[in-house]
Each structure stands twice: as structure tokens, then as C-alpha cells.
Amino acid sequence: MTNQVAAQIDAAAAGSNQVLTFTLGDETYGVDILRVQEIRGWSPVTRIPQAPSHVLGVLNLRGSIVPIVDLRMRFNLQHAEYTPLTVIIVLSVQSPIGRRDFGVVVDGVSDVIDVAANDVKPAPEFGAHVSTEFIEGLAAVSGRMVMLLDIDQLIGADVTGVALNPAA
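Residues numbered from 1 in each chain as written. Predicted model: local features only at pLDDT ≥ 70, side-chain atom pairs only at ≥ 80, totals over all residues. Heavy atoms only, no water.

**Observations concerning the overall build of the chain**
Regarding its fold elements, the chain presents three helices and 11 strands. Each helix and strand of the chain, placed in order from N terminus to C terminus, yields the pattern α-β-β-β-β-β-α-β-β-β-β-β-β-α. In the chain, 56% of the contacts between residues at least 6 apart in sequence involve partners at least 24 apart. Roughly 9,700 Å² of accessible area belongs to the chain as shown, and the carbon and sulfur atoms make up 52% of that amount. (Helix = DSSP H or I, 4+ residues; strand = E, 2+ residues; numbered from the N terminus. Contact = heavy atoms within 4.5 Å. Areas by Shrake-Rupley, 256 points an atom, 1.4 Å probe, with all protein chains shown as cover.)

Below is the structure:
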């Protein structure tokens, strides 16, 4: 590969992000693929007393305790039964107490897409009654709207008090 071709590939990559898309009901959401640590099938969790309702509990993943958040409950969507298509996406989240892995329960994983930076539109403002600070933007991809999530805003600040931290 010539230096010129390599430079063109680097320039194209700088203008787009790869995003893992997933579904909750009829809606499609996306997170930066670089934050995804693992995708696994649904498995029961160990409940934590007095945790917020959307924090289902924790899983032991290869010796690491990972809090599990149900995104349907977090977004106040209608509850759905967990099926063989239900998955847990383990994400690396930056929170006030540092980097931490969290699992999010979603209805299903769709695919990995390239989203050009200039195709991302800002989240609309709905006033004080609707919180959108965790939406990085919206992108139209293949005829569908994808809500790009800022996982640090969505999970990091919300459940750091629930994260099991022996030093706390």
C-alpha cells in the first residue's frame, strides 16, 4: 500500500465512527464500537438491595463484578420479557470514579455501521421535561433513524453510587 492510499484511508476514517447498533422495541440506538467489551446472551443476575429499578444487579464476568442496567427501564419504556434474542452489551464507561465496565440489557443487537461525522445531527431540545443530555446525536442510516448514545452521560453519572467499589 502506498503512503498516499494509507493517508486517504486515515482521512476517511477520521471523518466517521463505527457504531454498534441495537434495538429497544421499534427504535434503533447506537454506541461507539470502541466502548464495546463483549456481547453476551441474557443470563440471570444477582440483585443488589436498594439499587435503582433500572439496575438489575450484577454479573461475575471472569472474576470481575459488572453492574447490569436494563435500558428499557432506564428509558421508561414498556417492559418486555427476556427472550433468546435479548443480549447484554458490556461497555467501558468513564465515570467520576474512573473507567468501569457496565452491562446494558437490550432487545437485540443489529450490526456495526459507519456513521460519517457530518451525518450526525444534534438531539432536539424538548425543554426541561425531557432529558436528552445522553444523546450524542441522531443519524439517518439506511432509511432508519439511529439515536447515538453518550454512554458516559447515560450510565457513568447515573449509577456510580451502585458500582461495587470496595474502597468506597
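Now that the structure is up, let's keep going.
**Describing the pattern of salt bridges**
Following the criterion strictly, the structure yields six salt bridges and no others. In this structure, the salt-bridge partner of Asp 101 is Arg 99, at a minimum N-O distance of 2.7 Å. Since its relative accessible area comes to 52%, Arg 99 is described here as exposed. Taken together, the salt bridges that share partners define one network made up of Glu 38, Arg 40 and Arg 62. (Salt bridge = Lys/Arg side-chain N within 4 Å of Asp/Glu carboxyl O. Buried < 20%, exposed > 50% of the residue type's maximum accessible area, 1.4 Å probe, protein only.)

**Focus on the sheet that holds strand S2 (residues 27–32)**
Sheet architecture is open: six strands sit in the order S8-S1-S2-S11-S10-S9, paired in mixed fashion. In this open sheet, the two edge strands, each paired with only one partner strand, are strand S8 (108–116) and strand S9 (120–121). As defined by bridge partners, strand S1 (residues 16–24) adjoins S8 across seven bridges and the pair is classed as antiparallel. Each bridged residue has a counterpart across the sheet, and for Gln 18 the counterpart in S8 is Asp 114. (Pairing = 2+ DSSP bridges.)

**Some words on the environment of Thr 21**
One can find Thr 21 in strand S1. By relative accessible area, Thr 21 is classed as buried at 0%. Between the C-alpha atom of Thr 21 and that of Asp 32, which follows or precedes it by 11 residues, the distance is 9.0 Å. With sequence-adjacent residues up to four places away left out, Thr 21 is seen in contact with Thr 28, Tyr 29, Gly 30, Val 109, Ser 110, Asp 111, Ile 113, Arg 144 and Val 146.

**Observations concerning the nonpolar core**
Core analysis: the largest hydrophobic core is formed by 26 residues, its most contacted members being Phe 22, Leu 71, Ile 89 and Ile 155. Elements represented by at least two residues in this core include exactly S1, S2, strand S6 (87–95), strand S7 (98–106), strand S10 (135–141), strand S11 (144–149) and helix H3 (151–156). Among the elements that make up this core, the one with the highest residue count is S6 (four residues). Setting aside chain neighbours within four positions, we find Leu 71 in contact with Phe 22, Leu 24, Val 104, Val 105, Val 106, Leu 154 and Ile 155. Counting nine residues, the second-largest nonpolar core is a separate cluster that includes Leu 59, Leu 61, Ile 68 and Val 105. (Core = buried A, V, L, I, M, F, W, Y, C linked by side-chain atoms within 4.5 Å.)

**Brief notes about the pairing of S10**
Of all seven residues in S10, five are buried; the element is thus mostly enclosed. Taken together, the two bridges between S9 and S10 define a ladder with antiparallel strand orientation. Directly across from Val 120, in S10, lies its bridge partner Ala 139. Relative to S11, S10 is paired through six bridges, and the arrangement is antiparallel. Within S11, the position partnered with Ile 135 by the bridge is Leu 149.

**What about the packing of aromatic side chains?**
Enumeration according to the criterion identifies four aromatic pairs in this entry. On the numbers, 4.2 Å between centres and 35° between planes, the contact of Trp 42 with Tyr 82 is tilted. On the criterion of sequence distance, the pair formed by Trp 42 in the loop between strand S3 (36–41) and strand S4 (55–61) and Tyr 82 in the loop between helix H2 (71–74) and S6 is long-range, its members being 40 residues apart. Between Phe 75 and Phe 134, the ring centres sit 5.4 Å apart and the planes meet at 15°, which makes this aromatic pair stacked. Of this pair, Phe 75 sits in the loop between H2 and S6 while Phe 134 is found in the loop between S9 and S10, placing the two residues 59 residues apart along the sequence. Note on accessibility: Phe 75 and Phe 134 belong to one class, buried. (Phe/Tyr/Trp six-rings, centres within 6.5 Å; stacked < 30°, edge-to-face > 60°.)

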